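What the coordinates show
Below, each chain spelled out in residue letters.
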Amino acid sequence: MFGKANKKSRSGLTYFAQSSRLEGSLHIEGDCVIDGHIDGELSVTGLVVVESQGEIHGRVVADQLQVEGRVEGRVQCQRLTISATGTVEGEIVTDKIEIFNGGQFIGTRVKEGPKLLENKQEEAEEV
């Protein structure tokens, strides 16, 4: 039981409590639950759940994003789910999107990939 190594390594769950605030860039291997406030860039290899009190302002890159709170900024994920209490405002790149009754999406959806987002950012910097 204690001597056997698990052949398939599993990353843990990262949790940001309601009282936490992070500013800057963060990369997480595994899943992540946000109940606090993040300003900056968040990159996650798994699922990101933004709880009802959670907020993200900035860029989010994840496999899956589930929003019950608020996300403002650029989002890139394979699947985006916005619950009845969730709000996403900004530009998103996603293959699949699901918005429950009461959930809000304010912005634009780009289905072609992250290169389009990068091109728009370069154009904005040139102006």
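To keep things clear, this report deals only with the structure shown in the data block. Every value quoted in this text rests on a predicted model; they were computed, and no experiment measured them.

1. Focus: the overall build of the protein
If you tally the helices and strands in the protein, you get 1 helix and 10 strands. Starting at the N terminus and walking to the C terminus, you meet the elements of the protein as β-β-β-β-β-β-β-β-β-β-α. Here the protein holds 127 residues, and 33% of them are scored as buried. For the protein, long-range pairs separated by at least 24 residues make up 3% of all intrachain contacts whose partners lie at least 6 apart in sequence. Within the structure as shown, the protein displays about 7,900 Å² of accessible surface, and the carbon and sulfur contribution to it stands at 47%.

2. Points about the pattern of salt bridges
By the definition in use, this model includes 7 salt bridges. Close ionic contact of Arg 21 with Glu 23 constitutes a salt bridge, the shortest N to O distance being 3.5 Å. Note that Arg 79 and Glu 98 form a salt bridge whose closest N and O atoms lie 3.1 Å from each other. Taken together, the positions of Arg 79 in strand S8 (residues 70-82) and Glu 98 in strand S9 (residues 87-99) put the pair 19 residues apart, joining distant regions of the chain. Look at Arg 79 and you get partly exposed, because its relative accessible area is 33%. One salt-bridge network, in which partners are shared between bridges, spans Arg 21, Glu 23 and Asp 39.

3. Some details on the nonpolar core
Side chains of a nonpolar character, in soluble globular proteins, are inclined to be buried together. Ranked by internal contacts, the top residues of the largest apolar core, which has 21 residues, are Ile 34, Leu 42, Val 48, Ile 56, Leu 65, Val 71 and Leu 80. When residues of this core are traced back to their parent elements, those giving at least two are strand S3 (31-34), strand S4 (37-44), strand S5 (47-50), strand S6 (55-61), strand S7 (64-67), S8 and S9. In terms of residue count, S8 provides more of this core than any other element does, 5 residues in total. Apart from residues no more than four positions distant in its own chain, Leu 65 is found in contact with Leu 47, Val 48, Val 50, Val 60, Val 75, Cys 77, Arg 79, Leu 80 and Thr 81.

4. Considering the pairing of S3
Judged from the 4 bridges that link them, strand S1 (residues 13-16) and S3 form a sheet pairing that is parallel. Along S3, the bridge assignment pairs Tyr 15 with Val 33. In the sheet, S3 pairs with S5 via 3 bridges, with the strands oriented parallel. Opposite Cys 32, over in S5, you have Val 48 as the bridge partner.

5. Digging into the pairing of S9
Here S8 runs beside S9; their pairing, made up of 12 bridges, is parallel. Across the sheet, residue Leu 80 finds its bridge partner in S9, namely Ile 97.

6. Let's talk about the environment of Val 61
When you line up the elements, Val 61 lands in strand S6. Linking Val 61 and Leu 42, residues 19 residues apart in sequence, is a C-alpha distance of 6.3 Å. When sequence neighbours within four positions are dropped, the list of residues in contact with Val 61 reads Leu 42, Ser 43, Val 44 and Gln 76.

7. Examining the environment of Gly 24
Positionally, Gly 24 belongs in strand S2 (residues 21-28). Here the alpha-carbon distance between Gly 24 and Leu 42, two residues 18 residues apart in the chain, equals 8.4 Å. In this view, Gly 24 contacts Asp 39, Gly 40 and Glu 41; residues no more than four positions away in its chain are not counted.

Scoring rules and cut-offs
Residues numbered from 1 in each chain as written. Predicted model: local features only at pLDDT ≥ 70, side-chain atom pairs only at ≥ 80, totals over all residues. Heavy atoms only, no water. Helix = DSSP H or I, 4+ residues; strand = E, 2+ residues; numbered from the N terminus. Buried < 20%, exposed > 50% of the residue type's maximum accessible area, 1.4 Å probe, protein only. Contact = heavy atoms within 4.5 Å. Areas by Shrake-Rupley, 256 points an atom, 1.4 Å probe, with all protein chains shown as cover. Salt bridge = Lys/Arg side-chain N within 4 Å of Asp/Glu carboxyl O. Core = buried A, V, L, I, M, F, W, Y, C linked by side-chain atoms within 4.5 Å. Pairing = 2+ DSSP bridges.

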